[in-house]
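Coordinate analysis (summary)
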Amino acid sequence: MTLRQAQDTGAADSIVVDGVTKNFTLRYHRSIKDITVAKMKGRAVSNTFKALDDVTFTIKQGESVGLMGLNGSGKSTLLKLISGVMRPDQGVVKTRGQIAGLIATGAGFHPQLSGRENIFLNAAIYGLSEEETAAIYDDVVNFAELGDHLNSPVGNYSSGQYSRLGFSVAVHIDSDIFLADEVLAVGDKPFKKKCMEKMEEIRDSGRTVVYVSHAAGSVKRMCDRVICLEKGRLVFDGDVDEGIEYLHYGEDDAKGSAKLKQLEAADSALGAEV
Amino acid sequence: MATGVDERPVRIVDAPLAPPAENLGLLSVFKRRYLLKLLVQREISGRYSNSILGVFWSYINPLTQFCVYWLFMGKIMGADKGMDNYPVHLFAGLVIVHFFTETFGAGTRSLLGNKGLLKKMAMPKEMFPVASMLVSLYHLVPATLILVVVCLFSGWTPTWETVPSFLLALGIVMALGTALALVFSLANVFFRDFGSAVNILTNYIRFGVPMMYPFSMIEGALGDKAWIYLLNPIADAVLLFQQAFWVGVTPNPEETAATHLPENLWMWGLGAFGVSLVLLVIAQVVFSKHENKIPERLT
């Protein structure tokens, strides 16, 4: 489904990104000594690069959008701006309602706290009260399936356990906008399957989903619109199949059918090739 | 295949379209008291994690300072000459100064120490310096109780000035400590040098307040320029603490107050509190101006 059709439904704007630019400063040299040496040798002391360059799009409430692009194209930066972790240098980001989700495979946890304590802290950061957290607590624990590890500090968790817990908290928040950044990159196959099903459930309940993935198969399954970034610029916004084609994902141009097979395999493996 | 967006129900969101995670600074911190409570609890358990003595470090530090200062400054250098009950003078000063240095030090490290959260979650970043101040305030409670017990054993006679002096001193340190924690925690994200600088500043603070020596010594040295010394809000807070605790344990409180406390201490104290509040507002403005660069600089 394209943007035009979504607009036809008359749904309200959920995410508005207007002319957004985000610069990052790369510091080569940090101490006075390093800076002096660099100056004397005529090298740059620091330089900036545009992680996002004049990006504009609007997402309607209830849309499910796949955000695609190569590593370093600005996908995670864009999600950080949408979630409010970062603010744009130029342009405006506006969102409507509660936001929840994962950014760059992990949730914000405190390594010294146990899984249990982190569930409460994480939920409080999302704005839940103690009672509201207690109400979803059992569901979060059951979904994460961490067993006894729940009482040990998350600093000792494996990366898979870590994102299980983060994902589990995020999906149980009653959010209006759900952000999922490479959630399937870690975690075993049964858990990935569960995650996909949960995200479909979120999508089907009329909530806005922004899904970052390199797995063409799972994007096809999840999303009705694809936005592609390339070096910080928005280069494609529209139909899912066209978007995937645009990126030449997993495609050897001469073998169109091989690509199709790959996508089908990806579908059945639920993004196992991420 | 995905079901089309027009075949799914669309949730009606009853909220305005607004920038995500809008932040009202310290106001947001007090609006979200439950989150603040969790962060304070975390820091109380986390500040001395992985240490055997744990929270006792919070008392070992001032206690050892007390012993050293009492022995070297009091006994050997003779700072206690002509002073009644020098140990209480020293201890009362240490309690409030330690509250300040702990707030300043832990507050400065607070943003860097919570980068795992700050890089991934949107929340008012002022939470962390404020939580550091509140944890230090929590540690102040037992120290104050010990001080009160010591005073009672020394024949303390509290006056009407005791409680207001105590509260005003706390107010000064809370406001000034939070202001400095905000600015230095921010600066420390950009340049780690500030964390080291705080340690040096902390050392100077201990000598810049009437704790190891009485205020009368400064008056003796500076004469009618002693007011310069009182421009330091921490010195005013310490003097208020001396007024609250030490004056009452000396044999002749009125004479002690006349000799060892400045005239118009109340005026100085209220002035210091006012200045600290102004500094807190300035700190908030500076923090708000630069906080959006924090997540990308936390590496």
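Definitions and cut-offs
- Residues numbered from 1 in each chain as written.
- Chains lettered and ligands numbered in written order.
- Predicted model: local features only at pLDDT ≥ 70, side-chain atom pairs only at ≥ 80, totals over all residues.
- Buried ≥ 20, exposed ≤ 12 C-beta atoms within 10 Å, placed from the backbone.
- Helix = DSSP H or I, 4+ residues; strand = E, 2+ residues; numbered from the N terminus.
- Contact = placed C-beta atoms within 7 Å.
- Pairing = 2+ DSSP bridges.
- Nonpolar A, V, L, I, M, F, W, Y, C, P; charged D, E, K, R; others polar.
- pLDDT = per-residue confidence, 0-100.

**Details of helix H2 (residues 32-40) of chain A**
- H2(A) sits mainly on the outside: zero of its nine residues count as buried.
- Positive backbone phi, approximately 75 degrees, marks Gly42(A), located one or two places after H2(A).

**Points about helix H4 (residues 115-125) of chain A**
- Counting buried positions along H4(A) yields 10 of 11 residues, so the element is predominantly enclosed.
- Among the residues of H4(A), those classed as buried are Gly115(A), Glu117(A), Asn118(A), Ile119(A), Phe120(A), Leu121(A), Asn122(A), Ala123(A), Ala124(A) and Ile125(A).
- Those residues of H4(A) hidden inside the fold are in contact with helix H5 (130-144) and helix H6 (159-172) of chain A together with helix H2 (33-46) of chain B.
- Positive phi appears at Gly127(A), one or two residues downstream of H4(A), with a value of about 105 degrees.

**Brief notes about the pairing of strand E9 (residues 233-238) of chain A**
Residues and elements named next belong to chain A.
- Pairing analysis gives five bridges linking strand E8 (residues 225-230) to E9, with the strands arranged antiparallel. Counted as the bridge partner of Glu230 is Arg233 from E9.
- Hairpin geometry of E8 and E9 is characterised by an intervening segment of two residues between the two adjacent antiparallel strands and by a positive phi of about 50 degrees at Lys231.

**Focus: the environment of Ala122(B)**
- Position of Ala122(B) among the secondary structure elements: in the loop between helix H5 (115-118) and helix H6 (127-153).
- A tally of 24 C-beta atoms within 10 Å means that Ala122(B) is categorised as buried.
- As a C-alpha pair, Ala122(B) and Arg8(B) span 114 residues in sequence and 29 Å in three-dimensional space.
- Those residues in contact with Ala122(B), other than ones at most four positions away along the chain, are Ser83(A), Gly84(A), Val85(A), Pro20(B) and Ala21(B).

**Focus: the interface of chain A and chain B**
- With 51 residues of chain A at the contact, the number on the chain B side is 32 residues.
- Of all the secondary structure elements, the ones that give two or more residues to the side of chain A that touches chain B are helix H1 (3-8), strand E1 (13-27), helix H3 (75-83), strand E4 (90-96), H4 and helix H8 (216-222) of chain A.
- Taken together, the residues of the side of chain A that touches chain B break down into 22 nonpolar, 16 polar and 13 charged.
- Here two bridges tie E4(A) to strand E1 (residues 17-18) of chain B, and the two strands are oriented antiparallel to one another. Looking at E1(B), one finds that Thr95(A) is bridged to Ala18(B).

**Here we look at the pairing of E4(A)**
- Sheet analysis places E1(A) next to E4(A), joined by five bridges and oriented antiparallel. Bridged to Ile15(A) within E4(A) is Thr95(A).

**Considering the confidence of the model for chain B**
- Summary statistics for chain B give a mean pLDDT of 89 and a share of 98% for residues scoring 70 or more.
- For this predicted complex, the interface confidence reaches an ipTM of 0.84, while the overall pTM sits at 0.87.

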